[in-house]
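Report on the structure
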Amino acid sequence: MSASNRLRLNLLGPVPPHARMPDRPGLGQILLALAMIGLGVRGCIYGDLAGVWQHLPVAHLSAEAAIAPAVAVLELACGLGLLIRRMATMAAVMLVVLLALWTLLLKLPGLVAMPGMEAAWLGVAEVGLILAGGWTLMALHGRRPGGSRGARLLFALSLLPIGLAHFVYAPQTVALMPAWLPWHLGWAWFTGSASLVAAAAVMLGLLPRLAVALEAAMLSIITLVIWLPRLLAAPGNDNWTAFLMSSAIACGAWAVLDGYRDAPLWAVARPLPLVPQPLSQQA
């Protein structure tokens, strides 16, 4: 048995006899791969971590000069691997491990230190959305479609701080919007409410595929409307970082949508369990 097969069995349980690996990458897989390639190239060019999203909790850490290039190379390798069918399974596993470590080492310390600050929850949730996408791809390429249920729950839970941030930080959200867009505060509240509704729909199984599709489309539009013009006006490190991170968050949602590929758009599903199910029940 190959190392990749043993790793797949350890993470997702035995492969059901009827399951098969995707014949070709889904849209979400391609988009998430491109986003990770972009982040990797950015890190290799600028030689630093991705701003507040990859902020080290220890100030002036002497190893930062080595950590940043290593993270960039890993991001680049994960993205390229997702585009190569024979490497996609291992690339998805690598991406999940990378994002899990990113969350545990860079995001959770801030949340533990300041649990009452919504921004700390938002930082975990943004990476959580990308992680949910990688988790979904790992389940699909591990031929364990049922293994993506945990990814869907993570996706829904991540949307809660993201949606609430549009209300808690409404002035900051409004300040990011372009001048030509009317009703700034209304759009801030609408997009925040939409994320909360999408989270509820996925958790309750109320048209979950449609909810994920609309959320992915909305996050993509936000990236194009808010961050792309800033990047075109001033293509520096800060704007590249913000644009690529916003793209990665949106692409994480598109990757989660890949996990609903066999579900009708208007289908109603069972509510997601809030506690992990035995692997034997996830097939």
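Structure first, text after, so check above.
Summary of the structure given here. None of these values were measured; they are calculated from a predicted model.

What follows concerns the overall build of the chain. Tallying secondary structure elements over the chain gives ten helices and zero strands in all. Beginning at the N terminus, the succession of helices and strands in the chain can be written as α-α-α-α-α-α-α-α-α-α. The burial tally for the chain puts 48% of its 283 residues in the buried class. Pairs at least 24 residues apart make up 75% of the contacts formed inside the chain by residues separated by at least 6 positions. Taken as a whole, the chain presents about 13800 Å² of accessible surface, with 73% of it coming from carbon and sulfur.

Moving on, we come to the pattern of salt bridges. Summed over the entire model, instances satisfying the criterion amount to one salt bridge. Arg42 is the salt-bridge partner of Asp48, the closest N and O atoms lying 2.8 Å from each other. Classification of Arg42 by relative accessible area gives buried; the value is 4%.

Attention now moves to the nonpolar core. The nonpolar side chains of a soluble globular protein tend to be buried with one another. Membership of the largest hydrophobic core comes to 67 residues, with the highest contact counts inside it found for Leu32, Phe155 and Val202. Mapped onto this core, the elements with two or more residues apiece are α2 (27-46), α3 (64-82), α4 (88-113), α5 (118-141), α6 (149-168), α8 (184-204), α9 (208-233) and α10 (237-258). If you tally residues by element for this core, the top one is α10, at 13 residues. In contact with Val202, not counting residues within four places along its chain, are Arg152, Phe155, Ala156, Pro208, Ala211, Val212, Tyr260 and Leu272.

As enumerated under the stated definition, the model contains two aromatic pairs in all. Ring centres 5.7 Å apart and planes at 85° place the aromatic pair Trp187 and Phe190 in the edge-to-face group. Residue Trp187 and its partner Phe190 are both found in helix α8; the two are separated by three residues, about one turn of the helix. On the numbers, 6.4 Å between centres and 75° between planes, the contact of Trp240 with Phe243 is edge-to-face. Residue Trp240 and its partner Phe243 are located together in helix α10, separated by three residues, close to a single helical turn. Assessed through its relative accessible area of 32%, Trp240 is described here as partly exposed.

The terminal C-alpha atoms of α2 lie 29 Å apart, and with 20 residues this matches the ideal 28 Å at 1.5 Å per residue to within 8%. All of the buried residues in α2 are Gly28, Gln29, Leu32, Ala33, Ala35, Met36, Ile37, Gly38, Leu39, Gly40, Arg42 and Gly43. Gly47 occupies a position one or two residues after α2 and carries a positive phi of about 70°.

Between the first and last C-alpha of α8 there are 30 Å, a value that for 21 residues agrees with the 30 Å anticipated at 1.5 Å per step. Listed as buried for α8 are Ala188, Thr191, Gly192, Ser195, Ala198, Ala199, Ala201, Val202 and Met203. Lining the buried residues of α8 we find α6, α7 (170-176) and α9. Just past α8, the residue Gly205 takes up positive phi, approximately 75°.

In the contact formed by α5 and α10, the axes pass within 7 Å of each other and the chain directions differ by 35°. In the packing of α5 onto α10, the handedness of the crossing is left-handed. Contact residues: α5 offers Glu126, Leu129, Ile130, Ala132, Gly133, Thr136, Leu137 and Leu140, while α10 offers Met245, Ala248, Ile249, Gly252, Ala255, Val256 and Asp258.

It is at 9 Å that the axes of α8 and α9 come closest, and there the two elements cross at 150°. With respect to α9, the axis of α8 lies roughly antiparallel. Relative to α9, the crossing made by α8 is left-handed. Side by side, α8 and α9 meet where Thr191, Ala194, Ser195, Ala198, Ala201 and Val202 of the first sit next to Pro208, Ala211, Val212, Glu215, Met218 and Ile222 of the second. In terms of residue class, the contact of α8 with α9 is made up of nine nonpolar, two polar and one charged.

Procedures and definitions
Along each chain, residue indices are assigned from 1 in the same order as the chain's sequence is written. Only residues with pLDDT of at least 70 are given local features in this predicted model, and only at 80 or more are side-chain atom pairs given and counted; all residues enter the totals for whole chains, interfaces and linings. The side-chain values count all of the structure's non-hydrogen atoms but skip hydrogen atoms and water molecules. Strands here mean DSSP runs of E at least two residues long; helices mean DSSP runs of H or I at least four residues long; both are numbered from the N terminus. Per-residue accessibility, obtained with a 1.4 Å probe over protein chains only, is compared with the maximum for each type, and a residue is labelled buried under 20%, exposed over 50%, and partly exposed between these values. Any pair of residues with heavy atoms lying within 4.5 Å of one another is described as a contacting pair. For the accessible areas, the method is Shrake-Rupley and the probe is 1.4 Å, while residue cover comes only from the protein chains on display. Criterion for a salt bridge: a side-chain nitrogen of Lys or Arg within 4 Å of a carboxyl oxygen of Asp or Glu. In this description, a nonpolar core means a group of buried Ala, Val, Leu, Ile, Met, Phe, Trp, Tyr and Cys residues linked to one another through side-chain atoms lying within 4.5 Å. Each Phe, Tyr or Trp ring (for Trp, its six-membered ring) is paired with any other whose centre lies within 6.5 Å, and the angle between the two planes then decides the class: stacked below 30 degrees, edge-to-face above 60, tilted in between. Residue count minus one, scaled by 1.5 Å, sets the expected span of a helix. The axes used here are C-alpha line fits, helices contributing only the stretch in contact, and every angle between their N-to-C directions lies in the interval 0 to 180 degrees. In a left-handed crossing the near helix is turned counterclockwise from the far helix by less than a right angle, and in a right-handed crossing that turn is clockwise. To sort the angles, those under 35 degrees are grouped as roughly parallel, those over 145 as roughly antiparallel, those from 65 to 115 as roughly perpendicular, and the leftovers as oblique. Charged residues are taken to be Asp, Glu, Lys and Arg, nonpolar residues to be Ala, Val, Leu, Ile, Met, Phe, Trp, Tyr, Cys and Pro, and polar residues to be all remaining types, Gly included.

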